[in-house]
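Read off the chains here:
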Amino acid sequence: MRSPDRGVRRLAAGGYWRRKMAGLRFRCGIGGLFKVPATQQRRSRAYSVSQDFAEVLRKPKRQLTKLVFPLQELERQLAPDTRPSLHLQLFEPSLEDIARADDLFTATDRHRIEYLSSAVRLEHAPDLLRPEGHTKKMNFFKVGKYFTMVDMPGYGYRAPEDFVDMVETYLKERRNLMRTFLLVDSAVGIQKTDNIAIEMCEEFALPYVIVLTKIDKSSKGRLLKQVLQIQKFVDTQTQGCFPQLFAVSAVTYSGIHLLRCFIAHITGNLKANDSQFS
């Protein structure tokens, strides 16, 4: 993979690695993180508010918070005197920062988001001159000149026998990898299979982030219970996991804009002014 200096990897967990992406076309992969207009308009890379996010900004404050910062809205359900820390201030960008990041994930004539290859084995991945592959093992998305995202499918009973070896090799040897995102179904919480992915990241000393998917599927009470349990797990049983959880819904789009902003930030393409995290 002739990727830019910075790579972002999404590791999904399910079977042993669950493939329930948490971010953007969550049922199918990371493609939903990106917006590719039917007619790509020429747009400057200078700051501009995308049409989608402009609509978000026009919403009432409570609705805006629920859509952009879903865990902040959920945190309000906790009693102030007994409220555990969800670390929501670690990465708390301004709405302007989020709008800038949103623009980065929108394809235009001058800023292309391209599917590069689909590799079965690691040695296939670096060669971008090959025609598109037809496997669904490791899918590479080049976001303009800024970074590359790698979508890794889940490992289960249908996966090839050598898939785990391929994943381990990639995790160990890809030196320009900036972050791994583990997708956890918020309706069921961390399962045994998710623990295998977490243990692998911890063993390889990889910085990773837990993204809670399907937050629209549970009641507030059920979701809050899962969030608190997972937050406690992160605080007490992990070392390489970013303390702040990210929660998303592919249906309501809650949390997607914030996750995009985080990715733009950690790849060095956006400095969030109000963030304590660098």
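Preceding block: the structure.
Calculation rules
- Residues numbered from 1 in each chain as written.
- Predicted model: local features only at pLDDT ≥ 70, side-chain atom pairs only at ≥ 80, totals over all residues.
- Heavy atoms only, no water.
- Salt bridge = Lys/Arg side-chain N within 4 Å of Asp/Glu carboxyl O.
- Helix = DSSP H or I, 4+ residues; strand = E, 2+ residues; numbered from the N terminus.
- Buried < 20%, exposed > 50% of the residue type's maximum accessible area, 1.4 Å probe, protein only.
- Core = buried A, V, L, I, M, F, W, Y, C linked by side-chain atoms within 4.5 Å.
- Contact = heavy atoms within 4.5 Å.
- Phe/Tyr/Trp six-rings, centres within 6.5 Å; stacked < 30°, edge-to-face > 60°.
- Expected span 1.5 Å × (residues − 1).
- Arc of directions from axis to C-beta.
- Pairing = 2+ DSSP bridges.
- Right-handed = clockwise from strand over helix to strand, strands pointing away.

(A) Quick peek at the pattern of salt bridges. Inspection of the entire model under this criterion finds five salt bridges. A salt bridge links Glu96 to Arg100; its shortest N-O distance comes to 3.9 Å. Of this pair, Glu96 and Arg100 both sit in helix H4 (residues 95-104), four residues apart, which is roughly one turn of the helix. Measuring nitrogen to oxygen at the nearest pair gives 3.4 Å for the salt bridge that ties Lys214 to Asp185. A residue pair is termed long-range when its members are at least 10 positions apart, and Lys214 in the loop between strand S6 (208-213) and helix H7 (220-237) and Asp185 in strand S5 (residues 177-185) qualify at 29 residues. In this structure Asp185 comes out as buried when scored by relative accessible area, which is 12%. When salt bridges that share partners are traced, they join Arg62, Glu73 and Arg76 into one network.

(B) Highlighting the environment of Leu259. Relative to the assigned elements, Leu259 resides in helix H8 (residues 256-266). Distance in space between the C-alpha atoms of Leu259 and Ala101 is 9.4 Å, their sequence separation being 158 residues.

(C) Highlighting the nonpolar core. By size, the foremost hydrophobic cluster in this structure holds 36 residues, and its most contacted members are Ile210, Leu212, Val227 and Leu245. Of all elements in the fold, only helix H3 (70-75), strand S3 (138-143), strand S4 (147-152), helix H5 (163-173), S5, helix H6 (192-203), S6 and H7 reach the threshold of two or more residues within this core. If you tally residues by element for this core, the top one is H7, at six residues. Leaving out residues up to four positions away in the same chain, Leu245 has contacts with Leu71, Ile210, Leu212, Val227, Ile230, Gln231 and Val234. Counting residues in each nonpolar core, the second largest holds 35 residues, with Ala107, Val143, Val211 and Ile263 among its members.

(D) Structural context of the packing of aromatic side chains. Within this structure, the stated rule accounts for seven aromatic pairs. Between Phe246 and Phe262 the ring centres are 4.7 Å apart and the planes differ by 45°, which places this aromatic pair in the tilted class. With Phe246 in strand S7 (residues 246-247) and Phe262 in helix H8, this residue pair connects regions lying 16 residues apart in the sequence. Both residues of the pair, Phe246 and Phe262, count as buried. One aromatic cluster in this structure is built from Phe91, Phe181, Phe242, Phe246 and Phe262.

(E) Structural context of H6. The first and last C-alpha atoms of H6 sit 16 Å apart over 12 residues, in line with the 16 Å expected at 1.5 Å per residue. Along H6, the residues classified as buried are Thr193, Asp194, Ala197, Ile198, Met200 and Cys201. An end-on view of H6 places all buried positions within 155° of arc, on one side of the element. In H6, the exposed positions that point more than 90 degrees away from the buried face belong to Lys192, Glu199 and Glu203.

(F) Quick look at the pairing of S3. With five of six residues buried, S3 is to be regarded as a mostly interior element. Pairing analysis gives five bridges linking S3 to S4, with the strands arranged antiparallel. Directly across from Asn139, in S4, lies its bridge partner Asp151. The antiparallel pairing of S3 with S4 creates a hairpin that spans three residues between the two strands, and Gly144 there sits at a positive phi of about 55°.

(G) Main features of the pairing of S5. The element S5 is extensively covered by neighbouring structure, given that eight of its nine residues are classed as buried. What joins S5 to S6 is H6, and the crossover it makes is right-handed.

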